[in-house]
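Residue-level structure breakdown
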Number of protein chains: 2
Amino acid sequence: MTGNSLDQHLQRYAQRTTGMRASAIRALFSVANRPEVVSLAGGMPFLNSLPLEALAVDAAQLVGEEGLVALQYGSGQGILRLREQICQVMSLEGIDAHPDDVVVTVGSQMALDLTTRIFIDPGEVILAEAPSYVGALSTFSSYQASVVHVAMDDGGLIPEALVAAIAAVQASGRRIKLLYTIPNYHNPAGVTMAAERRPVVAQICRDAGILVLEDNPYGLLGFDDKVHRALRADDADNVIYLGSFSKTFAPGLRVGWVLAPHAVREKLVLANEAATLNPPVFNQMMISRYLETYDWQSQIKAYQHTYAERRDTMLAALQQMMPAGTTWTHPTGGFYVWVTLPEGFDTAAMLPRAVTNRIAYVPGNAFYADGLGSRQMRLSFCFPTPERIVEGVRRLSDVIDAELDVMRTFGAHSPRPVGGPRSPSNDTL
Amino acid sequence: MTGNSLDQHLQRYAQRTTGMRASAIRALFSVANRPEVVSLAGGMPFLNSLPLEALAVDAAQLVGEEGLVALQYGSGQGILRLREQICQVMSLEGIDAHPDDVVVTVGSQMALDLTTRIFIDPGEVILAEAPSYVGALSTFSSYQASVVHVAMDDGGLIPEALVAAIAAVQASGRRIKLLYTIPNYHNPAGVTMAAERRPVVAQICRDAGILVLEDNPYGLLGFDDKVHRALRADDADNVIYLGSFSKTFAPGLRVGWVLAPHAVREKLVLANEAATLNPPVFNQMMISRYLETYDWQSQIKAYQHTYAERRDTMLAALQQMMPAGTTWTHPTGGFYVWVTLPEGFDTAAMLPRAVTNRIAYVPGNAFYADGLGSRQMRLSFCFPTPERIVEGVRRLSDVIDAELDVMRTFGAHSPRPVGGPRSPSNDTL
């Protein structure tokens with residue numbers, strides 16, 4: 001956000017406010033709502049397979065029979081029954097946790113906010129994958145953290161790059177507080193941290209006195225019947241784990257959680273109270289009832305099936321239509337494919353032309369705190385139908401082809417650095 | 001929160017975290033839940049008059065027919081229809097606002113948090129009434145604000161005291177960013193800012209370059225068919241207004257809002273997104289439907305009637321049972337009576353004995369950032385039935401009488417300073 005001379009309050013803002021910028025997510029939510037645009041931008045889950053009629057009965061019972069509790073103030077930590085169920089959900093990833101160490105939050109975004117709030121003083125460093133989740137970068141920025149990216153490849157975060165980044169930051173005299181990582185079906189990169197790297201990454205952080213912030217919204221949405229073991233499963237003292245029902249159930253209730261070492265959990269509850277008093281009680285009871293009453297693991301399988309089909313469709317369309325020199329990742333779960341265009345492209349500059357051609361994506365630089373990612377873009381396969389995905393990739397390839405024509409005629413933009421996973425190339429698909 | 005030597009993360013917290021303390025609110029939520037205790041502590045609204053069966057039908061329709069929207073991600077500013085309705089609600093208080101300047105938040109607590117976040121750098125001063133809302137003090141503290149209290153009397157904030165406080169803080173070289181005020185049926189003081197003082201207070205703040213943060217959760221809960229004109233109604237540029245459905249409808253959905261000058265509103269949306277992505281969509285649609293479908297002003301009248309009766313009961317019981325030298329305020333709306341005990345009392349020290357006697361209140365010092373209020377307490381008349389209120393005041397008077405006996409025998413605690421409104425005394429009731 002640049003200074004607005006019409007804002008008479010400009011001299012009054014806190015220093016942290018200068019770091020708040022309009023997020024690519026917000027701008028693209030509005031684009032995505034125009035029906036003529038095929039949006040491969042937003043990360044909205046496809047909710048059509050939810051048992052809405054049955055859930056309607058649940059909602060009615062909750063209000064009608066338990067309304068005096070569901071509509072009342074509640075606990076700043078969240079209701080106990082839900083925290084117990086959250087521990088059951090996390091046990092699928094090898095986590096053995098106590099409900100007392102879980103704090104329910106307004107989506108896992110709020111958990112990100114509270115964790116940043118209690119740990120980060122202005123200027124302190126958070127390590128994050130290159131690229132990283134745009135919403136986390138916004139939160140970190142709003143607390144004046146300094147984000148240092150660490151390279152990934154198809155096996156996720158590269159331990160050697162992590163060691164090098166830690167050394168470089170420490171040599172500069174700055175303090176590193178957290179490593180923020182999305183180990184499974186990464187947003188936006190679409191890659192997963194290899195099993196053998198996980199204990200190595202955890203050990204590197206322990207040795208360096210850096211807490212691991214493990215963000216795992218997509219962990220149960222793998223396409224190969226496999227659930228990856230959480231970093232938290234093998235390190236209860238040095239990992240803070242963030243979870244969410246937004247992708248495995250639905251985001252509109254905004255229920256997420258944080259699992260933290262006990263003393264940290266205490267601080268998180270205080271911060272949660274200062275921020276919201278308590279997360280909405282009705283919403284927690286609704287999720288709790290859903291987990292109690294439904295075969296929620298079958299619902300997750302339905303989501304997996306839907307998203308796997310769409311992933312296949314997107315990868316096939318990319319293979320068929322993208323020009324030579326374009327590469328992309330091959331996610332085994334989650335919502336996203338990370339695409340790298342040939343040299344000379346600038347995906348942020350191209351976006352208005354893409355939207356004119358009724359196709360939207362998120363430009364790569366949104367996922368970097370340091371301006372990298374200009375040749376890259378995130379494509380989501382979660383929400384649009386397979387037909388729309390094919391049509392979207394077709395429109396995108398038209399836009400790219402037109403750019404290529406212009407570049408052949410007038411020359412390319414000057415080359416820029418590229419970050420994040422780029423292999424395998426499409427000819428090795 | 002004192003340092004915990006068992007917390008291996010103690011050296012890792014941000015500086016702001018040292019200012020986070022377990023709030024009196026939280027401790028008392030758990031006390032209030034024990035049925036044998038008469039709690040005059042919590043500020044829980046009495047929800048029994050809500051049309052729960054009809055609301056159950058609404059909730060079912062919302063999930064069953066609009067679930068794909070209600071359970072999906074939404075806008076960081078909140079849904080437009082609700083923002084329009086919020087403007088209608090505020091018009092009752094003389095406010096003429098545009099829906100584009102409203103931001104929906106997770107309760108007005110989140111609006112407090114976001115406003116503090118965008119304006120306050122560590123060490124900057126927020127002026128607040130003496131006493132002030134404990135939840136606001138927690139939020140301010142979590143952003144390392146320095147709170148300076150300004151005296152009140154039965155007519156609310158005293159303009160001369162405000163001028164003096166501003167001069168004193170400015171003389172000390174510190175910067176004042178906000179005046180935080182609850183003009184109507186103050187929490188905890190139970191007083192209302194006199195109509196003739198409102199423009200004076202607003203003008204003083206404008207002249208001093210201080211934004212007014214007007215917190216008005218109880219404004220529509222007056223007992224005399226009167227709605228006080230909001231400070232915001234006469235000053236759109238220098239007042240940020242906070243509103244809530246927690247008291248006029250129900251708190252369990254956590255829906256509040258902030259109305260701000262346009263440029264500030266933009267920053268608040270960015271901060272809202274960094275904190276939660278968006279407030280829960282289902283909850284917003286539920287409130288919107290309620291405002292659309294129900295005679296919500298009649299529901300508010302039902303609340304007014306309930307609370308007025310309980311206020312009468314509490315004041316009569318205090319008059320009948322409190323020892324000489326005890327004074328209290330006479331609220332014309334809202335939830336709270338502010339009681340000042342005779343010299344020598346320490347309400348925080350007395351609380352464990354009160355709870356043993358199955359009566360709970362909030363000690364006065366919870367409502368001060370500076371340790372005042374030791375002879376005072378907040379009593380809530382909103383939740384307990386009239387019978388329980390009488391029983392509660394009886395138990396409280398027993399506890400106080402026992403303390404008096406001890407004091408007569410062994411001498412009083414050393415006298416401490418007292419803050420906040422103390423008149424009229426009970427003999428002028």
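In this text, all values refer to a predicted model and were calculated from it rather than measured experimentally. (Residues numbered from 1 in each chain as written. Chains lettered and ligands numbered in written order. Predicted model: local features only at pLDDT ≥ 70, side-chain atom pairs only at ≥ 80, totals over all residues.)

**Considerations on the overall build of chain A**
Rule in force here: Strands here are runs of E lasting at least two residues and helices are runs of H or I lasting at least four, both read from the DSSP assignment and numbered beginning at the N terminus. Here the radius of gyration uses the C-alpha set of atoms, whereas the globule reference equals 2.2 Å times the residue count to the power 0.38. In this scheme every C-beta is placed from the backbone, and a residue whose C-beta has 20 or more other C-beta atoms within 10 Å is buried, one with 12 or fewer is exposed, and one in between is partly exposed. Contact between two residues is assigned when their C-beta atoms, built from the backbone, lie within 7 Å.
Secondary structure assignment for chain A yields 12 helices and 14 strands. Taking 22 Å as the expected radius of gyration for a compact globule of 429 residues, we find that chain A reaches 22 Å, a close match to that expectation. When the backbone C-alpha atoms are referred to their principal axes, chain A occupies close to 70 × 55 × 55 Å. Put simply, chain A has 429 residues, and 57% of those count as buried. Within chain A, residue pairs in contact and separated by at least 24 positions form 77% of the contacts whose partners lie at least 6 positions apart.

**Quick look at the relation of the copies chain A and chain B**
We count it as follows: In this comparison the copies share one frame, found by least squares on the C-alpha atoms of residues holding pLDDT of at least 70 in both.
For the pair chain A and chain B, the relating rotation is 180 degrees, the translation along its axis is 0.0 Å, and the fit reaches an RMSD of 0.0 Å. Read as a symmetry element, the transformation amounts to a two-fold axis. Every residue of chain A has its C-alpha some distance from the rotation axis, and the shortest such distance is that of Ala60(A), at 2.5 Å. Most of the interface of chain A is mirrored in chain B: 100% of its interface residues are interface residues there too.

**With respect to the packing of helix α2 (residues 52–70) of chain A against helix α2 (residues 52–70) of chain B**
Filter applied, for reference: As a rule, the C-alpha atoms of each element are fitted with a line to give its axis, helices using only the stretch in contact, and angles between N-to-C directions run from 0 to 180 degrees. Any angle between 65 and 115 degrees counts as roughly perpendicular, while under 35 counts as roughly parallel, over 145 as roughly antiparallel, and the rest as oblique. We call a crossing left-handed when the near helix sits turned anticlockwise from the far one by less than a right angle, and right-handed when that turn is clockwise. Each residue receives one of three labels: charged for Asp, Glu, Lys and Arg, nonpolar for Ala, Val, Leu, Ile, Met, Phe, Trp, Tyr, Cys and Pro, and polar for the others, Gly being one of them.
At a closest axis distance of 8 Å, the pairing of α2(A) and α2(B) adopts a crossing angle of 160 degrees. Relative to α2(B), the element α2(A) lies roughly antiparallel. As for how α2(A) packs across α2(B), the hand of that crossing is right-handed. Where α2(A) approaches α2(B), its residues Leu52(A), Glu53(A), Leu55(A), Ala56(A), Val57(A), Ala59(A), Ala60(A), Val63(A), Gly64(A) and Gly67(A) are matched on the opposing element by Leu52(B), Glu53(B), Leu55(B), Ala56(B), Val57(B), Ala59(B), Ala60(B), Val63(B), Gly64(B) and Gly67(B). Among the residues making up the contact of α2(A) with α2(B), the classes are represented as 14 nonpolar, 4 polar and 2 charged.

**Regarding unusual backbone geometry**
Residues and elements named next belong to chain B. In this structure, the amide linkage connecting Ala130 to the following residue, Pro131, adopts the cis form with an omega of 0 degrees. Here Pro131 shows up in the loop between β3 (125–130) and α5 (134–142). Of note, the bond from Asn187 into Pro188 is cis; its omega dihedral lies within 30 degrees of zero at 10 degrees. Along the chain, Pro188 falls in the loop between β6 (176–181) and α7 (197–208).

**Looking at the interface of chain A and chain B**
Tallying the contact residues gives 75 residues for chain A and 75 residues for chain B. Within the residue set of the side of chain A that touches chain B, elements represented by two or more residues are α1 (24–32), α2, α4 (107–119), α5 (134–142), α8 (262–276) and α9 (281–293) of chain A. The element that contributes the greatest number of residues to the side of chain A that touches chain B is α2(A), accounting for 12 residues. Within the side of chain A that touches chain B, the residues separate by chemical class into 40 nonpolar, 22 polar and 13 charged.

**Focus: the sheet that holds strand β5 (residues 156–157) of chain B**
All names here are of chain B. Spelled out, the test is: Two strands qualify as a pair provided DSSP detects at least 2 bridges between them.
The 8 strands lie next to each other as β2-β9-β8-β7-β6-β3-β4-β5, forming an open sheet whose pairing is mixed. Strand pairing shows two members of the sheet lacking a second neighbour, β2 (102–106) and β5, which therefore form its edges. Relative to strand β8 (residues 239–244), strand β7 (residues 211–215) runs parallel, the two sharing 4 bridges. Counted as the bridge partner of Val212 is Val239 from β8. In this fold helix α3 (residues 80–91) packs onto β2, β8 and β9 (255–259), with an angle of close to 100 degrees to the strand it touches most, β2.

**Observations concerning the nonpolar core**
Which entries qualify depends on this criterion: Any nonpolar core is a set of buried residues, restricted to Ala, Val, Leu, Ile, Met, Phe, Trp, Tyr and Cys, that join up through C-beta atoms within 7 Å.
Judged by nonpolar contacts, the single largest core of 266 residues is most densely connected at Leu127(A), Val258(A), Leu127(B) and Val258(B). If we skip the residues at most four places from it in the chain, Val258(B) touches Val103(B), Thr105(B), Ala111(B), Leu114(B), Thr115(B), Ile240(B), Leu242(B) and Leu268(B).

**Considerations on the pairing of β3(B)**
Consecutive side chains of a regular strand alternate in pointing toward one face of the sheet and then the other. Residue and element names in this part refer to chain B. Worth spelling out the cut-off: If the strands point away from the viewer and the path from the first strand over the helix to the second runs clockwise, then the crossover is right-handed.
The element β3 is extensively covered by neighbouring structure, given that 6 of its 6 residues are classed as buried. In this structure, β3 lies alongside strand β4 (residues 146–153), joined through 6 bridges in parallel fashion. Note on β4: the bridge partner recorded for Ala130 is Ala151. On the question of chirality, the crossover connecting β3 to the parallel β4 by way of α5 is right-handed. Strand direction decides the pairing type here: β3 and β6, joined by 4 bridges, are parallel. Paired with Ala128 across the bridge in β6 is Tyr180.

**Considering the pairing of strand β2 (residues 102–106) of chain A**
Residues and elements named next belong to chain A. With respect to burial, β2 is a largely interior element, 5 of its 5 residues being buried. Sheet analysis places β2 next to strand β9 (residues 255–259), joined by 5 bridges and oriented antiparallel. In the strand pairing of β9, Val104 is matched with Trp257.

**Details of the packing of α4(A) against α5(A)**
Residue and element names in this part refer to chain A. Remark: α4 packs on α5, axes separated minimally by 9 Å, with the N-to-C direction vectors making an angle of 30 degrees. In this structure, α4 crosses over α5, and the sense of that crossing is right-handed. Seen from α4, the contacting residues are Gln109, Leu112, Asp113 and Thr116; seen from α5, they are Gly135, Ala136, Thr139 and Phe140. Of the residues assigned to the contact of α4 with α5, the class counts are 3 nonpolar, 4 polar and 1 charged.

**Regarding the sheet that holds strand β4 (residues 146–153) of chain A**
In a beta sheet, neighbouring strands pair by backbone hydrogen bonds and run either parallel or antiparallel. Pairing within the open sheet is mixed, and its 8 strands lie in the order β2-β9-β8-β7-β6-β3-β4-β5 (chain A). A strand with exactly one partner marks an edge of an open sheet, and here the two such strands are β2 and β5 (156–157) of chain A.

**Section: helix α6 (residues 159–171) of chain A**
All names here are of chain A. The test is simple: A helix is expected to span 1.5 Å multiplied by its residue count minus one. To obtain the arc, one takes the directions from the helix axis to the C-beta atoms.
Its 13 residues give α6 an end-to-end C-alpha distance of 18 Å, which sits within 8% of 18 Å, the value for a rise of 1.5 Å per residue. Looking at α6, one finds that the buried residues are Pro159, Leu162, Ala165 and Ile166. Within α6, the buried residues cover an arc of 115 degrees as seen down the axis, which keeps them to one side. Turned more than 90 degrees away from the buried face of α6, the exposed residues are Glu160, Ala167, Ala168 and Ala171. Close packing links the buried residues of α6 with β3 (125–130), β4, β5, β6 (176–181) and α7 (197–208).

**A short note on the confidence of the model for chain A**
Residues and elements named next belong to chain A. Note the cut-off: The predictor rates its confidence in each residue with pLDDT, a number between 0 and 100.
In the predicted model, chain A carries a mean pLDDT of 92, and 91% of its residues have values of at least 70. Counted against residues more than four places away or in other chains, residues 422–429, with its pLDDT under 50, gives 13 contacts. On the interface metric, ipTM, the complex scores 0.92, and its pTM is 0.93.

**Topic: the domain arrangement of chain A**
As a measure of interface size, the accessible area lost when the parts come together is often cited. All names here are of chain A. Inclusion rule: Where each domain begins and ends is defined by an automated method or by a domain database.
For chain A, the assigned domains are domain 1 (15–49 + 298–413) and domain 2 (52–293). A separation of 25 Å is found between the C-alpha centroids of domain 1 and domain 2. Each side of the interface is counted separately: domain 1 has 35 residues, and domain 2 has 32 residues. When residues of the side of domain 1 that touches domain 2 are traced back to their parent elements, those giving at least two are α1, α10 (296–321) and β11 (336–340). Here the element with the most residues in the side of domain 1 that touches domain 2 is α10; it accounts for 6 residues.

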